[in-house]
Structure formats: structure tokens, C-alpha cells
Amino acid sequence: MVSVKLEKVNKIFAPNVHVLKDLDLNIQDKEFMVLVGPSGCGKSTCLNIIAGLELVTDGKIMFGDADVTELPPKERNLAMVFQSYALYPHMDVRKNMSFALRLAKKDPEYIEEMVQKAANILDISDLLERKPKELSGGQRQRVALGRCIVRDPSVFLFDEPLSNLDAKLRSQMRGEIIKLQKRLKTTLVYVTHDQVEAMSMADRITILNDGCIQQVGTPSEVYDSPRNKFVAGFIGSPTMNFIECVKDGKTLKFGDNILKLTEALNDKSSKASSENLVFGFRPEHTKITSKPHEGAYKVTINVVEYLGAQTVISFEFSGKIFAMAVSPGFYSANMGDTAYISFPIEKAHIFDPETNLNLVHDVAIQKIL
Ligand SMILES: Nc1ncnc2c1ncn2[C@@H]1O[C@H](COP(=O)(O)OP(=O)(O)OP(=O)(O)O)[C@@H](O)[C@H]1O
Ligand SMILES: [Mg+2]
């Protein structure tokens, strides 16, 4: 139980691969923090640096008040779960779970007590005599978690621990990990490239791109108030629509179409570097009707995808393809149909293409807590 703080952390791999750039991050005690970002953005490197498996090129790592920057992994009191959970194949579950404690020469009674406690929490008490090859993927993953729990670490570090599991098991394990963390009250840093996983699990999310932190916030903060175009496009599914436009007085012009701005949006968008702007609207906030009405734009239906929980309709507007999402059965359309769409102005995002910053939500990278 400890807070984790990264101060101006840089990691440069030879020759000259600058992977983490001036990372400042405050992870609270008992917090479930998810690091999310595209492949190669530096998530695993960041986790390895917290673990001590990699050393920083520059900067500082603090666990609570202790500077651990130079400490080896075994002195950091943390436990890590990787994508390949790497159980020892020749050892049964009990031996796998107790391995670290036996290595640390703990008392056998204490070891058995910790194993039983962890096995109970994870509901694997009846599997203790089995070898890993006699377990399902989900059971193996639970043993890997058990191996962490028995050590009673101050910090859990998880690197894409669920990506080897099928979709159903993944969603079940997600729920189990959330419950586990709330029950053990241990600080947990969880890496994934899956924004749905990030949104559903995190107390707060850190969004990384190209070795730089783009935003740190609760799932609703990063969804409702994305700081820049990258966060806006990364969080949310289907992804946010972006349309290039030009500011003209108190309106935005997309080709021949005009959107009237409110006073507030007009003020905010006036702060842009030029009159060129990018308008952003989420598929799920877009409204569609078959009849024209004031404030609606005429579009042509492109593809209709029935996805079960929602229907995604792509449409052509101003020469480009955009997406919208509606409840199933809400609107039936065919390719080539004409329809009318509108966006609620209070949900609009406007980005400055020079800086990519969101002019509507001018928020800090990370709120000071
Ligand atoms: N030991 C290393 N030497 C040189 N470059 C490295 C080393 N380890 C990682 N990198 C580079 O650092 C960058 C970030 O790698 P990292 O593994 O942290 O990405 P990631 O965000 O975890 O990606 P993924 O989602 O694919 O796992 C990549 O460009 C990678 O090639
Ligand atoms: Mg990785």
C-alpha cells in the first residue's frame, strides 16, 4: 500500500531510441491506474521502470516517501503479472503459488496459510495439486494472480494479463481483478492497449502516445473532456468523428454546410491559431431522422452494421465518411438512402489543428489531487 510517483522520467535505449519523454505521473495509494496507448508507445517500458526491470536514463521514481530509482526489483516489494503468465510447468499450483515465499525462506506454516488464503480469494482451493497443463486458461491466470497475492506486495503491476484469454473469459477476469484490487486495497498499475478494458477497470486512466502522457483522468473525464485530438480519437468506440472546417464569424463552415456556434463556443474557438479548425462529434451523440428539420444536415447512408447492442451507421457528409451509433431497431436504413443528421452543440469538440488541443475543454494533463 503505497503511492507511486514518476518525476521527469526519461528512458533512452541505445542507440538513441527515446522511448519515455519527461513522464510525470502521480499514482495514488490504493488506486487502480490503467496505462493505455497504441502498440509501441512505451507502456511496458513504463511498467518495467516502476518494477526496476529497467533503469531510468533520467528522472526519479518514488514509492511513498522512498526514492526507489536505483533499487533492484526484489527490494521494491511489488508483484508483476505478464501477458504470458509463465507458470513453472513441473510444479503443481501450490508450489507455483508459494515459490517466492519458499525462496525467501519463510516459515512453512506461514506459507501454507498465505497460499490457502489466496486460493480461497481466487476460488482455486481444489486445484492446488494440479500441474499448469491440467488447468484452463482462466484457471492458469488465477494461479498467476495467486502467486502475486501471497507475497502481499505494496504494488501490483499487470502487463496485458488478459490478452491470451477469449472474450468471455477476459470480461469475467476483468471483473475478478477489479474485485480483487478493491478487496486487497493494493495500488495497481495495469497496462493494456484496449481502451474498453481501460474504461471498465480504471479508477483513473493514463493515456500515452509516443512516450508522452496525453492525459490522466477518470474514465468519464477522459471521455467527456478529452484534452486533445489524440485522446478524443483513442477513447470511445466507435471512434470520434473529425471534420475539418473553417471558422467564419460565429459559424463553422464545412464545404457548403454551416454550423452556428453558441457564444461560449465562439469565444473558445476564437483562441485557435488560425481560422482552420477540426470539429469533433461522437457517433453515439449523433441524431438521425428521415425527414429534414432545422439544424440537420443532409447525408447519404453508406453502410449499416447491426452489432447487437448497437447499430453503427456510416454516412457520407461533405465528401467524407463518418459514423454514428444508435440503439438497435431505432432507425432502419439502406445503403444510398438520404437521411438527416444533427449533433447536440453542447457535446461538440473543437480542436486546433496546429496544437491538436481541445479548445472546448481546456483541461490540464493531470489534475492535482
Ligand atoms: N530493450 C530495448 N531496446 C531498444 N528498444 C526497445 C527496447 N525495449 C523496447 N524498445 C522500444 O521501445 C518502444 C516502446 O516499447 P514498449 O514495449 O514499451 O511498448 P508498448 O507500449 O508496451 O507496446 P505493446 O502494446 O506492443 O506491448 C518500442 O518502439 C520498442 O521497440
Ligand atoms: Mg507492451
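Right above here is the structure, for reference.
First, a word on what this report is: a plain description of the structure on this page. (Residues numbered from 1 in each chain as written. Chains lettered and ligands numbered in written order. Predicted model: local features only at pLDDT ≥ 70, side-chain atom pairs only at ≥ 80, totals over all residues.)

1. A word on unusual backbone geometry
How we decide: Strands are runs of DSSP state E lasting at least two residues, helices are runs of H or I lasting at least four, and both sets are numbered from the N terminus onward.
The omega torsion of the bond from A14 to P15 falls at -15°, within 30 degrees of zero and hence cis. Assignment of secondary structure puts P15 in the loop between strand 1 (4-13) and strand 2 (17-27). A cis geometry characterises the amide bond from S237 onward to P238, with omega recorded as -5°. Tracing the backbone through its elements, the reader meets P238 in the loop between helix 8 (229-234) and strand 11 (241-248). The residue D123 is not glycine, and still its phi comes out positive at about 60°. Considering the arrangement of structural elements, one finds D123 in the loop between helix 3 (108-122) and helix 4 (137-149). In this structure, N356 takes a positive phi of about 65° despite not being glycine.

2. Description of the site of ligand 1
For clarity, the threshold we go by: Whether a residue is near a molecule or strand depends on its C-beta atom, generated from backbone atoms, being within 6 Å of that molecule or strand. Under the scheme applied here, ten amino acids are nonpolar (Ala, Val, Leu, Ile, Met, Phe, Trp, Tyr, Cys and Pro), four are charged (Asp, Glu, Lys and Arg), and all others, including Gly, are polar.
All residues adjacent to ligand 1 are F13, V17, V19, G37, S39, G40, C41, G42, K43, S44, T45 and H193. Contributions of two or more residues to the shell around ligand 1 are made by strand 2 and helix 1 (43-51). Ranked by residue count, the leading element in the shell around ligand 1 is helix 1, at three residues. Residue composition of the shell around ligand 1, grouped by class: four nonpolar, seven polar and one charged.

3. Overview of the sheet that holds strand 18 (residues 320-326)
Inclusion rule: Two strands form a pair only when DSSP identifies at least two bridges running between them. Only C-alpha atoms enter the line fits that serve as axes; for helices the fit covers just the stretch in contact. Angles between N-to-C directions range over 0 to 180 degrees.
Pairing is antiparallel across the open sheet formed by five strands, whose spatial order is 15-19-16-17-18. Every interior strand has two partners, whereas the edge strands, strand 15 (287-289) and strand 18, have only one. Adjacent strand axes in the sheet meet at a mean angle of 45° when their direction is disregarded.

4. Quick look at the packing of helix 4 against helix 5 (residues 167-184)
For clarity, the cut-off: Throughout this description, any angle smaller than 35 degrees is read as roughly parallel, any larger than 145 degrees as roughly antiparallel, any in the 65 to 115 degree range as roughly perpendicular, and the remainder as oblique. Definitions for this section: a left-handed crossing has its near helix turned counterclockwise from the far helix by less than a right angle. A right-handed crossing has that turn clockwise. Here contacts are defined at the residue level, using C-beta atoms placed from the backbone and a cut-off of 7 Å between them.
Where helix 4 contacts helix 5, the two axes come as close as 11 Å, and the packing angle between them is 20°. If you check the angle between helix 4 and helix 5, you find them roughly parallel. Once helix 4 is placed against helix 5, the crossing between them reads as right-handed. Contact residues: helix 4 offers G137, G138, Q141, L145 and I149, while helix 5 offers L169, M173, L180 and L184.

5. A word on helix 1
Each full turn of the α-helix corresponds to 3.6 residues, which orients residues three or four apart in the same direction. Using the following cut-off: The burial criterion counts other C-beta atoms lying within 10 Å of a residue's C-beta, which is placed from the backbone; the residue is buried at 20 or more, exposed at 12 or fewer, and partly exposed between these limits.
Taken as a whole, helix 1 has its buried residues at K43, T45, C46, L47, I49 and I50. Count one or two residues on from helix 1 and you reach G52, which has phi positive near 90°.

6. Remarks on the pairing of strand 3 (residues 32-36)
Where a strand is regular, its side chains alternate between the two sheet faces. For strand 3, the buried fraction is high: five of the five residues fall into the buried class. The side-chain alternation of strand 3 yields two buried faces, one formed by F32, V34 and V36 and the other by M33 and L35. Sheet topology note: the strand 3/strand 8 (residues 187-192) ladder contains five bridges and is parallel. For V34, the partnering residue across the bridge sits in strand 8 and is Y190. Bridge analysis of strand 3 against strand 9 (residues 204-209) gives four bridges, and the strand direction is parallel. Paired with L35 across the two strands is T206, which belongs to strand 9.

7. Some points on the nonpolar core
This is how it is decided: Nonpolar core, as used here: buried Ala, Val, Leu, Ile, Met, Phe, Trp, Tyr and Cys residues forming one set through C-beta atoms within 7 Å.
Within the largest apolar cluster, 70 residues are counted, with the highest numbers of intra-cluster contacts made by V34, L35, I50, L157, V189 and Y190. When near neighbours in sequence (up to four residues on either side) are disregarded, L35 contacts K43, C46, L47, V189, V191, T206 and L208. With seven residues, the next largest nonpolar core counts I313, F315, F322 and M324 among its residues.

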